[in-house]
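A closer look at the structure
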Amino acid sequence: MTQSGSEAPLLVASIGPLSGQRWTMDKALLIGRDPSCDIVIPDRQISRYHARISPTPNGAILEDLGSKNGTYYLGKRVEDPVSLQDGDAFQVALVQHFTFLISDATLPLGNAFISTQATKYRLRLDERSRRLWLNGKEVLPPLSAQQFRLLQALERQQGEVVSREELIQAVWGDEAFGVTEQAFDALVRRLRERLAEIDPHHNYILTIRGHGLRLDNPPVES
């Protein structure tokens with residue numbers, strides 16, 4: 001259940017299936033796929049008991065609970081408990097982004113904010129409807145499910161290099177074991193081709209050799 005308007009700190013869901021929801025942190029919150037969790041994310045990439053965030057007098061403590069697909073802070077996988085301060089963001093697997101806030105007075109998010117931010121870039125995804133726009137033009141026919149999951153994983157870490165292993169896990173989930181390099185490369189090639197059909201003058205998916213892929217999503221020209 002989401003709440004707001006108290007003196008307790010807040011946890012706000014931004015990009016992801018829980019987008020726009022927020023929770024009052026008057027106690028530790030357990031995040032995972034299991035229905036008994038305080039914050040339930042029904043996605044196969046989320047472990048049953050994935051992460052925990054606990055309020056403290058000086059902020060909050062974020063812990064990963066041995067999840068399969070990881071919890072990320074500042075682009076790095078959380079191995080040891082992390083101290084969060086007002087405005088800090090973290091990511092649960094490649095699925096859901098959260099922001100920790102001392103109070104709702106500093107709340108920078110919400111549906112209107114997310115929509116405004118998204119429209120500042122050439123490439124825009126609607127995760128709920130699985131639709132994609134480039135330069136204001138919708139990509140039709142829609143991307144395949146695998147193409148969308150790949151692009152979604154890159155967009156959620158926009159500007160950062162995402163390893164091939166992370167991307168394979170994001171696309172294939174429990175079936176990732178045994179996916180060949182050739183299958184992954186073919187998927188990347190098909191996705192690039194689809195994007196080039198709409199915008200042939202820009203390469204949105206950059207290969208960073210030895211590291212992975214990065215989404216290059218320029219702002220819309222004013």
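Residues numbered from 1 in each chain as written. Predicted model: local features only at pLDDT ≥ 70, side-chain atom pairs only at ≥ 80, totals over all residues. Heavy atoms only, no water.

As annotated in an unreviewed UniProt entry, the protein chain is FHA domain-containing protein from Anaerolinea thermophila.

A separate point is helix H3 (residues 164-172). Residues Leu167, Ile168, Gln169, Ala170, Val171 and Trp172 constitute the buried set of H3. Directly beyond the C-terminal end of H3, a positive phi value near 55° is found at Gly173. (Buried < 20%, exposed > 50% of the residue type's maximum accessible area, 1.4 Å probe, protein only. Helix = DSSP H or I, 4+ residues; strand = E, 2+ residues; numbered from the N terminus.)

Another aspect to go through is the side chain of Gln45. Residue position: Gln45 is located in the loop between strand E4 (39-40) and strand E5 (51-56). Residue class for Gln45 comes out buried when judged on its relative accessible area of 7%. At 3.3 Å, the side chain of Gln45 forms a polar contact with the backbone oxygen of Ala170. In contact with Gln45, not counting residues within four places along its chain, are His50, Asn69, Ala93, Leu94, Val95, Gln169 and Ala170. (Polar contact = N/O pair within 3.5 Å; in protein donor to acceptor, adjacent residues only side chain to side chain. Contact = heavy atoms within 4.5 Å.)

With that settled, consider the sheet that holds strand E13 (residues 131-134). Spatially, E12-E13-E14 is the arrangement adopted by the three strands of the open sheet, whose pairing is antiparallel. This sheet does not close on itself; its edge strands, each paired only once, are strand E12 (123-126) and strand E14 (137-138). Inspection of the sheet shows E12 paired to E13 by four bridges, in the antiparallel sense. Paired with Leu125 across the two strands is Leu132, which belongs to E13. Its contacts with the sheet put helix H2 (residues 145-156) on E12 and E13, and the angle it makes with E12 is roughly 115°. (Pairing = 2+ DSSP bridges. Axes fitted to C-alpha atoms, helices over the stretch in contact; angles between N-to-C directions.)

The next point concerns H2. Quick reminder: α-helices carry 3.6 residues per turn. Residues three or four places apart thus point the same way. The first and last C-alpha atoms of H2 sit 16 Å apart over twelve residues, in line with the 16 Å expected at 1.5 Å per residue. The buried fraction of H2 amounts to ten of the twelve residues, a majority that puts the element mostly inside the structure. Turning to H2, its buried residues are Gln147, Phe148, Arg149, Leu150, Leu151, Gln152, Ala153, Leu154, Glu155 and Arg156. (Expected span 1.5 Å × (residues − 1).)

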